[in-house]
Amino acid sequence: MSFVNNNCVEFVRLLASSAPTPGGGGASALVGAVGMALGSMVGSLTIGKRKYADVDTDITALMDEAKKLQNELLRLVDEDAVVFEPLSQAYGIPKGTPGRDQAMEEALRIACTVPIDIMRACARAIELMGEIAHKGNTSALSDAGAGAALCKAALMGASLNVFINTKSMVDKDYAYDIQSVADNLLSKYCPMADGIYDYVLMQLRD
């Protein structure tokens, strides 16, 4: 089942239901895609404008990468549900069943993979948003700021889906390595997104 092929109303309905997917990971991926799309919108309003002719090539390149990120994040909406399925099955194994602990550990590792990918995609989206905010059409500057805020939210949301899984891992060294990747992304890109938002806010406020 593809969640991204649903309309917005259906996606939100499923998200609000008791169904295990989509959940926080898929929602974060979708929010990241929406955030990056706002960056693309700013680019679309910049390309071809005489006032911004000197950055036309730069914006075109940024938009090409932004489109790839949008598509990747949309793919990860569905992929997050795929990697959660083994964990859902492992939780259904009665405690004390031989092999349950090993199945749980492997499923927890698998469940972490997509949230980390979502975080990496959102991190790159934030980098692109910074360039777009500084080079793009100033009449759409608010959209760049909103996009940065959404990508930060997606980054943070995806991180929680990492940490809830690493917390349950028996192999603490492996869990620590995954947590370190997530922590490094948060520590670098949350302040970066805040900086973009603050820059936009300063330009818009009287």
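Let me sum up the structure you'll find in this document. Since the structure is predicted, the reported quantities are computational estimates derived from the model, not experimental observations.

**Considering the overall build of the protein**
Okay, step 1: When helices and strands are tallied, the protein shows six helices and zero strands.
Okay, step 2: Of the regular secondary structure in the protein, the N- to C-terminal order runs α-α-α-α-α-α.
Okay, step 3: Taking all 206 residues of the protein together, the buried fraction comes to 43%.
Okay, step 4: Of the contacts formed within the protein by residues at least 6 apart in sequence, a portion of 76% connects residues at least 24 apart.
Okay, step 5: Carbon and sulfur atoms make up 57% of the accessible area of the protein, which amounts to about 10700 Å² in all.
Okay, step 6: Each charge class in the protein can be summarised by its mean position, and for the 18 positive and 25 negative side chains these summaries are 3 Å apart.

**Observations regarding the side chain of Gln70**
Okay, step 1: Relative to the helices and strands, Gln70 is located in helix 3 (residues 56-91).
Okay, step 2: Taking relative accessible area as the criterion, Gln70 reaches 15% and is therefore assigned buried.
Okay, step 3: At 2.4 Å, the side chain of Gln70 forms a polar contact with the side chain of Ser40.

**What about the packing of helix 5 (residues 141-166) against helix 6 (residues 172-204)?**
Okay, step 1: Close contact between helix 5 and helix 6 brings their axes to 9 Å; oriented N to C, the two are set at 165 degrees. Considered as vectors, helix 5 and helix 6 are oriented roughly antiparallel to each other. Crossing of helix 5 over helix 6 shows left-handed handedness.
Okay, step 2: Classifying every residue of the contact of helix 5 with helix 6 gives 20 nonpolar, six polar and four charged.

**Details of the environment of Val162**
Okay, step 1: Position of Val162 among the secondary structure elements: in helix 5.
Okay, step 2: Considering only alpha carbons, one finds Val162 and Ile178, 16 residues apart in sequence, at a separation of 7.8 Å.
Okay, step 3: Setting aside its immediate chain neighbours within four residues, Val162 contacts Cys112, Pro115, Ile116, Met119, Ile178 and Ala182.

**Here we look at helix 6**
Okay, step 1: An ideal rise of 1.5 Å per residue puts 48 Å on 33 residues; helix 6 measures up with 47 Å between its terminal C-alpha atoms.
Okay, step 2: Residues of helix 6 that are buried: Ala175, Ile178, Ala182, Leu185, Leu186, Tyr189, Cys190, Ala193, Ile196 and Val200.
Okay, step 3: Taken together, the buried residues of helix 6 touch helix 4 (100-135) and helix 5.
Okay, step 4: Of the residues flanking the start of helix 6, the one acting as N-cap is Asp171, its side-chain oxygen 3.3 Å from the backbone nitrogen of Asp173.

**Describing the pattern of salt bridges**
Okay, step 1: Per the counting criterion, the structure on display carries nine salt bridges.
Okay, step 2: Between Glu72 and Arg75 there is a salt bridge; the shortest N-O distance is 3.0 Å. Pair noted here: Glu72 and Arg75 are both in helix 3, with a separation of three residues, about one helical turn.

What counts, and at which threshold
Residues numbered from 1 in each chain as written. Predicted model: local features only at pLDDT ≥ 70, side-chain atom pairs only at ≥ 80, totals over all residues. Heavy atoms only, no water. Helix = DSSP H or I, 4+ residues; strand = E, 2+ residues; numbered from the N terminus. Buried < 20%, exposed > 50% of the residue type's maximum accessible area, 1.4 Å probe, protein only. Contact = heavy atoms within 4.5 Å. Areas by Shrake-Rupley, 256 points an atom, 1.4 Å probe, with all protein chains shown as cover. Lys, Arg positive; Asp, Glu negative; His and termini not counted. Charge placed at Lys NZ, Arg CZ, Asp CG, Glu CD. Polar contact = N/O pair within 3.5 Å; in protein donor to acceptor, adjacent residues only side chain to side chain. Axes fitted to C-alpha atoms, helices over the stretch in contact; angles between N-to-C directions. Parallel < 35°, antiparallel > 145°, perpendicular 65-115°, else oblique. Left-handed = near helix turned anticlockwise from the far one by under 90°. Nonpolar A, V, L, I, M, F, W, Y, C, P; charged D, E, K, R; others polar. Expected span 1.5 Å × (residues − 1). Salt bridge = Lys/Arg side-chain N within 4 Å of Asp/Glu carboxyl O.

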